[in-house]
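Notes for the structure review
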2 protein chains.
Amino acid sequence: MINFDALIIEDGIPIYLQIVRHIKRGIVSGVVKDRDELPSRRVLSAFLGVNPNTIQKAYRILEDEALIESHSGAKSYMSLDGARIAAVRDELVEADAKSSVEALKQMGVTKEQAIALIEKYWEE
Amino acid sequence: MINFDALIIEDGIPIYLQIVRHIKRGIVSGVVKDRDELPSRRVLSAFLGVNPNTIQKAYRILEDEALIESHSGAKSYMSLDGARIAAVRDELVEADAKSSVEALKQMGVTKEQAIALIEKYWEE
DNA sequence: ACAACCGTATTAGTGATATAATACAGTTGA
DNA sequence: TCAACTGTATTATATCACTAATACGGTTGT
């Protein structure tokens, strides 16, 4: 069963996108595996304190990207293979590193300063 | 006159926040200086192809943070000093580095890999 | 078989974002 | 002086994100 304990909903970003991102990050890290069972829409909505429709919207997006298999009446499961996992990794890691580098460069931060910042915040 | 040529509006993030962020990044990089003149609401809205009210919303936020001075009928100007600039730098750099580190860690990327990614994307 | 789940769909309402069309009063330069 | 700007404010409309309350039919374990 996929775990959502580490997902703290923050505002400013649509909730359904945060749920999609959380699952995708799990895919990339290897915590989420092929055939893993997903909590039902109702169960997860109660756990996160959001509307079931919001969960459905997130799951729908993942299903449209063929990362989830859903069948009426039955539980939903992850559907992953090497190609899909690699695609998600590229999407997330590239987007994150690129946007971060772009922002830091635009603020006049040097590459050395950027690396120092990464090292600093890596230890929390 | 503050320049907005490098600002490409992307969707998913409110436009007024993107304008605020663009100006704040300019403050941190030193491109935007104290007493710099801002384009009028109407002029900037025409240049960016958005509604004047959206610009007003962005300028209002910056004025509330005492980074802009506006007086009815007159042009608007930046109002910066060392303390304000340092505060904006801390806000932006910290937020960017922290969120990036958090995302990469959650995806199972090691610190060394993260630094390699930064170096890779630094050259575009 | 059947209760308790499951996914799915629909309708309605709220708040935020953004556009559109004005209006009014203060300023500034020629 | 006065026309052309400025900031500011108002009202209306549209869309999206999210909540809320249901409803329907399929799956599953006991």
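All residue numbers refer to positions counted from 1 along the written sequence of the respective chain. Whichever chain is written first is A, and whichever ligand is written first is 1; the rest continue in order. Selection of residues for local features in this predicted model requires a pLDDT of at least 70, selection of side-chain atom pairs for listing and counting requires 80 or more, and totals for whole chains, interfaces and linings are taken over all residues. Calculated side-chain values reflect all of the structure's heavy atoms, with hydrogen atoms and water omitted.

Quick word on the nonpolar core
Basically, it comes down to this: By nonpolar core is meant a set of buried Ala, Val, Leu, Ile, Met, Phe, Trp, Tyr and Cys residues that side-chain atoms within 4.5 Å join together. Burial status follows relative accessibility: with a 1.4 Å probe on protein chains alone, a residue under 20% of its type maximum counts as buried, one over 50% as exposed, and anything between as partly exposed. Numbered from the N terminus, helices here are DSSP runs of H or I no shorter than four residues, and strands are runs of E no shorter than two. Any two residues whose heavy atoms approach within 4.5 Å are treated as being in contact.
If you look at the biggest cluster of nonpolar residues, it comprises 71 residues, and the most contacted ones within it are I23 and M78 of chain A together with I23 and M78 of chain B. Top contributing element to this core by residue count: helix α4 (residues 82-106) of chain B, with seven residues. The contacts of M78 of chain B, once residues within four sequence positions are left out, are I2, I23, I27, V32, K33, D34, R35, D36, L38, L67 and I68 of chain B.

So, the packing of helix α2 (residues 41-48) of chain A against helix α3 (residues 52-64) of chain A
Residue and element names in this part refer to chain A. Note the threshold: Axes here refer to lines fitted to C-alpha atoms; in helices the fit is confined to the stretch in contact. Angles between the N-to-C directions go from 0 to 180 degrees. In this scheme the handedness of a crossing depends on how the near helix is turned from the far one: anticlockwise by less than a right angle means left-handed, clockwise means right-handed. Amino acids outside the nonpolar list (Ala, Val, Leu, Ile, Met, Phe, Trp, Tyr, Cys, Pro) and the charged list (Asp, Glu, Lys, Arg) are all regarded as polar, and Gly is one of them.
Look at α2 against α3: their axes get within 8 Å of each other, and the N-to-C directions meet at 115 degrees. For the pair α2 and α3, the crossing hand works out as right-handed. Contact residues: α2 offers R41, L44, S45 and L48, while α3 offers P52, I55, Q56 and Y59. Residues of the contact of α2 with α3, tallied by class, amount to five nonpolar, two polar and one charged.

Comments concerning α4 of chain B
Selection rule: By this rule, a helix spans an expected 1.5 Å times one less than how many residues it contains.
With 25 residues, α4 of chain B ought to run about 36 Å at 1.5 Å a step, and its terminal C-alpha atoms sit 36 Å apart, in line with that. Regarding α4 of chain B, the residues found buried are V88, L92, V93, D96, A97, S100, V101, A103 and L104 of chain B. Of the surrounding elements, those touching the buried residues of α4 of chain B are α1 (15-29), α4 (82-106) and α5 (111-122) of chain A together with α1 (15-29) and α5 (111-122) of chain B.

Comments concerning the confidence of the model for chain A
Detailed reading of the predicted coordinates is not advisable wherever pLDDT falls low. The condition is simple: Scored from 0 to 100, pLDDT records how confident the predictor is in each individual residue.
This prediction gives chain A a mean pLDDT of 94; 100% of its residues lie at or above 70. Across chain A, the element-wise mean pLDDT spans from 92 in α4 of chain A up to 97 in strand β2 (residues 77-78) of chain A.

Observations concerning the relation of the copies chain A and chain B
For clarity, the cut-off: To superpose the copies, least squares is applied to the C-alpha atoms of every residue with a pLDDT of at least 70 in both.
Relative to chain B, chain A is turned by 179 degrees and slid 0.1 Å along the rotation axis, the superposed coordinates differing by an RMSD of 0.1 Å. Such a combination of turn and shift is consistent with a two-fold rotation axis. Comparing contact sets, 100% of the residues at the interface of chain A also lie at the interface in chain B, consistent with an isologous, same-surface contact.

A closer look at the interface of chain A and chain B
Worth spelling out the cut-off: The term buried area means the drop in 1.4 Å probe accessible area that two parts suffer when joined, counted for both and summed. By definition, a salt bridge exists where a carboxyl oxygen of Asp or Glu is found within 4 Å of a side-chain nitrogen of Lys or Arg.
Opposite the 31 residues of chain A that make contact, chain B presents 31 residues. When chain A packs against chain B, the two sides together hide about 3200 Å² of surface, and 70% of this comes from carbon and sulfur. When the buried area of chain A at its contact with chain B is split by residue, M107, Y121 and W122 of chain A rank highest and sum to 25% of it. The tally of links between chain A and chain B comes to two salt bridges. Salt-bridge contacts for E123 of chain B lead to K111 of chain A; the nearest nitrogen and oxygen are separated by 3.3 Å.

Details of the side chain of R25 of chain B
Selection criterion: Positive residues here are Lys and Arg, negative ones are Asp and Glu, while His and the chain termini are left out of the count. Any N or O atom pair separated by 3.5 Å or less is treated as a polar contact, with the protein-specific requirement of one donor-capable and one acceptor-capable atom, and with residues adjacent in sequence counted only for side-chain atom pairs.
As for its position among the elements, R25 of chain B is in helix α1. D96 of chain B provides the closest opposite charge to the buried, salt-bridge-free R25 of chain B, at an N-O distance of 5.0 Å. One polar contact links R25 of chain B to Q106 of chain A, side chain to side chain, over a distance of 3.3 Å. In this structure, R25 of chain B is in contact with A103, Q106 and M107 of chain A together with L92 of chain B, ignoring residues within four places of it in sequence.

Here's the deal with the protein's contact with DNA strand D
Worth spelling out the cut-off: Throughout, near means a residue has at least one heavy atom within 4 Å of the molecule or strand.
Lining the immediate surroundings of DNA strand D are 28 residues, of which P14, I15, N53 and T54 of chain A together with R60 of chain B lie closest. Close to the protein, within 4 Å, the atoms of DNA strand D are drawn from sugar and phosphate at a rate of 63%. The contact in question runs from a phosphate oxygen of DNA strand D to an N or O atom on the side chain of Y16 of chain A, over 3.0 Å. K57 of chain A has a polar side-chain atom sitting 3.2 Å from a phosphate oxygen of DNA strand D. Elements represented by at least two residues in the surface near DNA strand D include exactly α1 and α3 of chain A together with α2 (41-48) and α3 (52-64) of chain B. Top element by residues in the surface near DNA strand D is α3 of chain B. It accounts for four residues. Considering only residue class, the surface near DNA strand D consists of eight nonpolar, 13 polar and seven charged.

A word on the packing of aromatic side chains
Which entries qualify depends on this criterion: Classification of ring pairs rests on two measures: the distance between centres of Phe, Tyr or Trp rings, Trp counted by its six-membered ring, which must be within 6.5 Å, and the angle between planes, read as stacked under 30 degrees, edge-to-face over 60 and tilted in between. In our convention, an over-ring charge means Lys NZ or Arg CZ found within 6 Å of a ring centre and within 35 degrees of that ring's normal.
Scanning the entire structure with this criterion turns up zero aromatic pairs over all chains. Sitting over the ring of Y16 of chain A, K57 of chain A keeps its end group 4.6 Å from the ring centre.

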